[in-house]
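As a plain string of letters, each chain reads:
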Amino acid sequence: MRIFVSAAAAAMLVAATPAHADVMDFDGAEIVVGAPASYCIIGEGQYSVLATLLLSDDPGDILAAFAPCEEVDEVAAGSADTFHHYGLIVGLRDETGEAVRPGKPLEDYFTDYDAAQFEALDAGTRVTTVGMNGDHIVEIEPVGLVSKIDQAHFAAMTIRSQDTARASMVAVIGRTLVDGRAVQVELYAPEDEAPIPELIVLGHDTVAALWEANAATAGSGVVTSDAGLEARREESGSEEAGGSMEEPAEETTEAPSDWVDAEAEELAAYFDGPLRMAYRILVGYLIASILLGIGIWVSFKLRPRAA
């Protein structure tokens, strides 16, 4: 149940604006967050809509909430009552309300996260309550790990509400560390769109931007003090002045575009390959059936008739 929403997050959600960066405080760490390209921060007037959405049951502070800009505009104009595609950046907390601070290198944290996903997959579908107020009874069907990159590991799940009026959602959840704290990227879309590959690529982009904006502490399993916070605040200010969190700096860490493109192609091959093969088999079967029918008809026509 998501019951922890930071006051800073509420203050940040003041308008529906294009992608930009904000400095959020989470458990004493200043983390720069923002919406990915083509997405807008969910405004304060639309923030209550989040309470009606199907979110994961991982507790934490919402550091950023975003949706496609056109959906944000539709909700603001009153032509839509909810978001159908949305995402969160969450500072994770445990069940006691304490911030998750693993105190271990990123690779070791990923090992633990992967093990937890395999356990969830073995356990199968579970019934639980989700949402900001924990008032939606749902079935969560784990899909398991769907992507591993240097910056984050991603798992997927399907969330089906017992209220049949609510559409089932697919979620792709990515975990990483920033300044020694566990940070989660959550992306949601309707299940009937079969959107897992697209959500994975969006997750890669979101985490890459998060790491770029928090270059001094991204991936660090060690909790730092106030050292370097002022530098990150100045970086955030310069990025916000530029208008986008995703604009590349003069010098950046290794660009993630290569592995994003490669993994996108791999996912496309994985999802399209079996379907294409089944299509070819079906078409081949139909053609063979037609040719056989023609052959039988011709043989009967050409067969000598008794005098």
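Above this note sits the structure.
Because the structure is predicted, anything quoted here is derived from the model rather than measured.

J.: Would you mind showing me how to read the state of the cysteines here?
T.: What makes a disulfide is a covalent bond joining the sulfur atoms belonging to two cysteines. All told, the structure shown has 1 disulfide when counted by the stated rule. Here Cys40 engages in a disulfide with Cys69; their sulfurs sit 2.1 Å apart. Between Cys40 and Cys69 the disulfide shows an S-S torsion of about 90 degrees. By sign, it is right-handed. On the criterion of sequence distance, the pair formed by Cys40 in strand β3 (residues 39–41) and Cys69 in helix α2 (residues 69–77) is long-range, its members being 29 residues apart. Cys69 carries the same exposure label as Cys40, and that label is buried.

J.: Before we go on, may I ask you to explain the packing of aromatic side chains in this structure?
T.: When we look at a pair of aromatic rings, we describe it by the centre distance and by the angle of the planes. Under the criterion given, the structure shown has 2 aromatic pairs. Ring centres of Tyr39 and Phe66 lie 5.8 Å apart, and the angle between their planes is 85 degrees; this geometry places the pair in the edge-to-face category. One end of the pair, Tyr39, is in strand β3; the other, Phe66, is in strand β4 (residues 60–68), and 27 residues separate them in sequence. You can call Tyr39 buried: its relative accessible area is 14%.

J.: In this structure, what is going on with the sheet that holds strand β6 (residues 126–130)? I would like to understand it.
T.: The strand order β3-β4-β5-β10-β9-β8-β7-β6 describes an open sheet built from 8 strands, whose pairing is antiparallel. With partners counted over all chains shown, the strands left at the sheet margins are β3 and β6, one partner each. Between one strand axis and the next, the sheet turns through 35 degrees on average, direction left out of account. The strands touched by α2 within the sheet are β3 and β4, with β4 carrying the most contacts at an inclination of about 95 degrees.

J.: Explain the pattern of salt bridges to me, please; I cannot follow it from the model alone.
T.: Here the idea is simple: oppositely charged side chains can pair when their charged atoms come close. Tallied over the entire structure, the rule returns 10 salt bridges. Among the ionic pairs, Asp179 bridges to Arg181, the shortest N-O distance being 3.6 Å. Among the residues examined, Arg181 registers a relative accessible area of 2% and is labelled buried. Salt bridges sharing common partners tie together Asp27, Arg101, Asp179 and Arg181.

J.: Would you explain helix α3 (residues 106–123) in this entry?
T.: The first and last C-alpha atoms of α3 sit 26 Å apart over 18 residues, in line with the 26 Å expected at 1.5 Å per residue. Every buried residue of α3 is listed here: Leu106, Tyr109, Phe110, Tyr113, Asp114 and Gln117. One face of α3 carries all of its buried residues, which in axial projection span an arc of 140 degrees. Structural note: α3 exposes Thr111, Glu119, Asp122 and Ala123 on the side pointing more than 90 degrees away from its buried face. If you follow the buried residues of α3, they end up packed against β5 (86–92), β7 (136–148), β8 (153–161), β9 (169–178), β10 (181–190) and α4 (196–213).

J.: Teacher, can you tell me more about the side chain of Asn214 here?
T.: By the element assignment, Asn214 lies in the loop between α4 and α5 (229–242). A polar contact of 2.8 Å, which involves the side chain of Asn214, links it to the backbone oxygen of Leu210.

J.: Would you take a moment to explain the nonpolar core for this structure?
T.: The tendency in soluble globular proteins is for nonpolar side chains to be buried side by side. Counting residues in hydrophobic clusters, the biggest one holds 68 residues, and the most contacted among them are Ile31, Val33, Phe83, Tyr86, Ile89, Ile159 and Tyr188. Apart from residues lying up to four places away in sequence, Ile89 is in contact with Val33, Gly34, Asp61, Ile62, Leu63, Ala64, Phe66, Val183, Gln184, Val185 and Thr206.

So, how was this worked out
Residues numbered from 1 in each chain as written. Predicted model: local features only at pLDDT ≥ 70, side-chain atom pairs only at ≥ 80, totals over all residues. Heavy atoms only, no water. Disulfide = S-S within 2.5 Å. Helix = DSSP H or I, 4+ residues; strand = E, 2+ residues; numbered from the N terminus. Buried < 20%, exposed > 50% of the residue type's maximum accessible area, 1.4 Å probe, protein only. Phe/Tyr/Trp six-rings, centres within 6.5 Å; stacked < 30°, edge-to-face > 60°. Pairing = 2+ DSSP bridges. Axes fitted to C-alpha atoms, helices over the stretch in contact; angles between N-to-C directions. Contact = heavy atoms within 4.5 Å. Salt bridge = Lys/Arg side-chain N within 4 Å of Asp/Glu carboxyl O. Expected span 1.5 Å × (residues − 1). Arc of directions from axis to C-beta. Polar contact = N/O pair within 3.5 Å; in protein donor to acceptor, adjacent residues only side chain to side chain. Core = buried A, V, L, I, M, F, W, Y, C linked by side-chain atoms within 4.5 Å.

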